[in-house]
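Residue strings, one per chain:
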Amino acid sequence: METTEILNNESSTFTPREKWSVELVKQLLEKPFMDLIFLAQSVHRENFNPNKLQLSTLISIKTGGCPEDCSYCPQSVRFNTGVKDDDLMQVSDVLKAASIAKANGASRFCMGAAWRGPKDRDVSKVAEMVSAVKSLGLETCATLGLLKDGQAEVLKDAGLDYYNHNIDTSSEHYEEIISTRTQDDRHDTLKRVKDAGVSVCCGGIIGMGESIDDRADMIAQLANMDPYPQSVPINNLVKVSGTPMENIADIDPFDFVRTIAVARISMPKAMVRLSAGRSEMSDEIQALCFLAGANSVFYGEKLLTTPNATSYGDDELFDRLGLIPSDDVTR
Ligand code: SAM
Ligand code: DTB
Ligand code: SF4
């Protein structure tokens, strides 16, 4: 499909592209809001049941004390955020938390660790957790930082379905956010994950002082991955006191919705997750995100260290919108 066709397309006959230029993504981001949402919802309906939502639950299996300097993150040892450090959890405790998540309706369980990257003995421990969680019939996801050769294979053998590793922002803006590892380091880890046959969960954060061009670059990078990620978390920055980002200006919530819409259009079959930042968002903006093609959320009281939208608030919202939590959102 030609560029002009994409930009003018408001029907439901949308052909996915393989290559996305930053310019084209930017033009989509700048479309009139109503046209953009209509196009995104049309693409969404071609690929998913628009009234279903997938629920993932997060747990922090190793908290705080991270040597990296990601300036959004409450878990960096360099910032005074009051996060209490905790060593790697016991497998039995992770299993208990996963059983509760499953009983509450989650279909995917995501284990996060505040590491630059795991040592081989950490990977063996996490592999035990993955097998235990998998045996409950949950999809498994882990986010442990940069992986070395062979580590993704160990996790795959243990039953890991997804590995989350975000590019976070554009290539240009990245250097203002993190100095201790490059975006290329991240692409290397993503390649290791893909080569091991683990599905890729990769997205970023909106609201870190980035420009529209930065957002377009980030979405184009994701959409141009071969294949594009099976799962795309779009986070709205959670401003944590003590981090360098604590006082950054709020973004226009409609611009967040736009980013979701363009992620949906450029990665039509991906699970697009409305991730961090929901507890600061109105019900109405969340509903617009679902209309723009988000079909997954983190469900449960906590993200990794910060509060998430409450489960009772979520249940009420899903009910008001007629959204049905499901592990198969395609039908
Ligand atoms: N340490 C590992 C790593 O960085 O790869 C895994 C955990 S890390 C907390 C996972 C992701 O959470 C980050 O890449 C970032 O995109 C997101 N994140 C962290 N802090 C956030 C915040 N304050 N607001 C929004 N997203 C955040
Ligand atoms: C992702 O993209 N967002 C989640 C998950 N992947 C690991 C993490 C959000 C963290 C928000 C800040 C916190 O709770 O510490
Ligand atoms: Fe560490 Fe991950 Fe936080 Fe960066 S995002 S400081 S690597 S826990």
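Heads up: the structure comes first, above all this text.
Now for a quick tour of the structure.

Rules and cut-offs
- Residues numbered from 1 in each chain as written.
- Chains lettered and ligands numbered in written order.
- Predicted model: local features only at pLDDT ≥ 70, side-chain atom pairs only at ≥ 80, totals over all residues.
- Heavy atoms only, no water.
- Helix = DSSP H or I, 4+ residues; strand = E, 2+ residues; numbered from the N terminus.
- Rg over C-alpha atoms; globule rule 2.2 N^0.38 Å.
- Contact = heavy atoms within 4.5 Å.
- Lys, Arg positive; Asp, Glu negative; His and termini not counted.
- Charge placed at Lys NZ, Arg CZ, Asp CG, Glu CD.
- Near = heavy atom within 4 Å.
- Polar contact = N/O pair within 3.5 Å; in protein donor to acceptor, adjacent residues only side chain to side chain.
- Areas by Shrake-Rupley, 256 points an atom, 1.4 Å probe, with all protein chains shown as cover.
- 1 Å grid on protein atoms, 1.4 Å probe; cavity = no way out; pocket = protein on both sides within 12 Å on 5 of 7 lines; lining within 4 Å.
- Sits in = over half its atoms within 2 Å of the grid points.
- Nonpolar A, V, L, I, M, F, W, Y, C, P; charged D, E, K, R; others polar.
- Disulfide = S-S within 2.5 Å.
- Buried < 20%, exposed > 50% of the residue type's maximum accessible area, 1.4 Å probe, protein only.
- Phe/Tyr/Trp six-rings, centres within 6.5 Å; stacked < 30°, edge-to-face > 60°.
- Lys NZ or Arg CZ within 6 Å of the ring centre and 35° of its normal.
- Salt bridge = Lys/Arg side-chain N within 4 Å of Asp/Glu carboxyl O.

A short note on the overall build of the protein chain
Helix and strand content of the protein chain: 12 helices and 10 strands. Rg of the C-alpha trace for the protein chain: 19 Å, near the compact-globule value of 20 Å for 331 residues, within the 12% margin. Summarising its shape, the C-alpha atoms of the protein chain cover approximately 55 × 40 × 40 Å along the three principal directions. Relative to all contacts within the protein chain whose residues are 6 or more apart in sequence, the contacts with residues 24 or more apart total 74%. The positive charge centre, built from 34 side chains, and the negative charge centre, built from 49, are 5 Å apart in the protein chain.

Things to note about the site of ligand 2
Around ligand 2, the surrounding shell consists of Leu58, Pro74, Thr143, Asn164, Asn166, Pro233, Asn235, Phe298, Leu303, Leu304, Thr305 and Thr306. For ligand 2, an oxygen atom lies 2.8 Å from a polar atom in the side chain of Asn166. The contact in question runs from an oxygen atom of ligand 2 to an N or O atom on the side chain of Thr306, over 2.8 Å. Here ligand 2, which alone exposes 400 Å², has 88% of that area covered by the protein.

Observations concerning the environment of Cys70
Topologically, Cys70 is positioned in the loop between strand 1 (52-62) and helix 4 (91-103). Considering only alpha carbons, one finds Cys70 and Ala223, 153 residues apart in sequence, at a separation of 24 Å. Apart from the residues within four sequence positions on either side, Cys70 is in contact with Phe79, Ile177, Ile178, Arg181 and Arg186.

Some words on the site of ligand 1
With respect to spatial proximity, 15 residues lie near ligand 1, and among them Tyr72, Asn166, Asp168, Arg181 and Val238 are the closest. Compared with its free state, where it exposes 560 Å², ligand 1 has 91% of that area covered by protein. Among the cavities detected, the one that contains ligand 1 is the largest cavity. Split by residue class, the shell around ligand 1 holds eight nonpolar, five polar and two charged.

Description of the state of the cysteines
If you walk through the whole model with that rule in mind, you get zero disulfides. Here Cys202 stays unpaired: no disulfide links it, and the sulfur of Cys201, its closest cysteine neighbor, is 7.5 Å away. Of all cysteine sulfurs, the one in Cys201 lies closest to Cys289, which takes part in no disulfide; the gap is 17 Å. A residue is classified by how much of its surface remains accessible, and Cys289, at 0% relative accessible area, is buried.

Looking at the packing of aromatic side chains
Inspection of every chain in the model, using the stated rule, returns two aromatic pairs. Note on Tyr299 and Phe318: the rings are 6.4 Å apart at their centroids and 35° apart in plane angle, and the pair reads as tilted. One end of the pair, Tyr299, is in the loop between strand 9 (296-298) and helix 12 (311-321); the other, Phe318, is in helix 12, and 19 residues separate them in sequence. Residues Tyr299 and Phe318 agree in their burial class; the two are buried. The ring of Tyr162 is capped by Arg108, whose NZ or CZ atom sits 3.6 Å from the centre of that ring. Positioned over the ring face of Phe298 is Arg273, at 5.3 Å from the centre of the ring.

Section: the pattern of salt bridges
Taken as a whole and judged by the stated rule, the model has 16 salt bridges. The partner of Lys26 in a salt bridge is Asp213, with the nearest N and O atoms 3.4 Å apart. Of the two residues, Lys26 sits in helix 2 (residues 22-29) while Asp213 sits in helix 9 (residues 212-223), which places them 187 residues apart along the sequence.

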